[in-house]
Amino acid sequence: MAQLIDGLVLCHVGDHRLAVRAQDVDAFEHDPLGATYVGERFGDDPTPPEGVRVLRCGAQRLAVDRLDVHGGVALLPAPPLLSSAFGGGILGFVEVRQLLWPVVIPERL
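Calculation rules
Residues numbered from 1 in each chain as written. Predicted model: local features only at pLDDT ≥ 70, side-chain atom pairs only at ≥ 80, totals over all residues. Heavy atoms only, no water. Core = buried A, V, L, I, M, F, W, Y, C linked by side-chain atoms within 4.5 Å. Buried < 20%, exposed > 50% of the residue type's maximum accessible area, 1.4 Å probe, protein only. Contact = heavy atoms within 4.5 Å. Phe/Tyr/Trp six-rings, centres within 6.5 Å; stacked < 30°, edge-to-face > 60°. Lys NZ or Arg CZ within 6 Å of the ring centre and 35° of its normal. Pairing = 2+ DSSP bridges. Helix = DSSP H or I, 4+ residues; strand = E, 2+ residues; numbered from the N terminus.

S.K.: Tell me about the nonpolar core, and please be specific about residues and values.
M.R.: Of all hydrophobic cores here, the largest spans 21 residues; its most connected members are L55 and V64. What V64 contacts, discounting residues up to four positions off in sequence, is C11, H12, V13, V38, V52, R53 and L55. Residues I5, L8, L10 and A19 belong to the second largest nonpolar core, which totals 10 residues.

Set out below in structure tokens:
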């Protein structure tokens, strides 16, 4: 049986997308100073564009191009091949808006 996630933060970074469980996000911020731009993890330019949003997840601050909040959805397991991606930080995938989104552990990005 699939695990249910109560809420998600859907993040867009360039042409990439990822999701973070809402329970892992402490706050949303506007100031990217000192935040890690997630696009850098995808091999994009490490400089965040204007207007990024920042997710504060414990001590980690992650800058993304834009974000949306989404309600509960079932977590699909990650294929074994991807279990080590992002240092083992992919929890699984969710289907939202007919797209698959990897659900990640912020501390491992």
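From this point, the narrative continues.
S.K.: Go over the packing of aromatic side chains with me, naming the residues and quoting the values.
M.R.: Enumeration over the complete set of coordinates arrives at 0 aromatic pairs. Across the ring face of W101, the terminal group of R17 is positioned such that the distance to the ring centre comes to 5.8 Å.

S.K.: So what's going on with the pairing of strand 9 (residues 73–77)? Which residues, and what values?
M.R.: In terms of strand pairing, strand 1 (residues 3–5) meets strand 9 through 3 bridges, oriented antiparallel. Considered in strand 9, the bridge of L4 is made with A74. Of the pairings in the sheet, the one linking strand 9 to strand 10 (residues 90–96) comprises 2 bridges and is antiparallel in character. The residue bridging L76 from the neighbouring strand is F93, located in strand 10.

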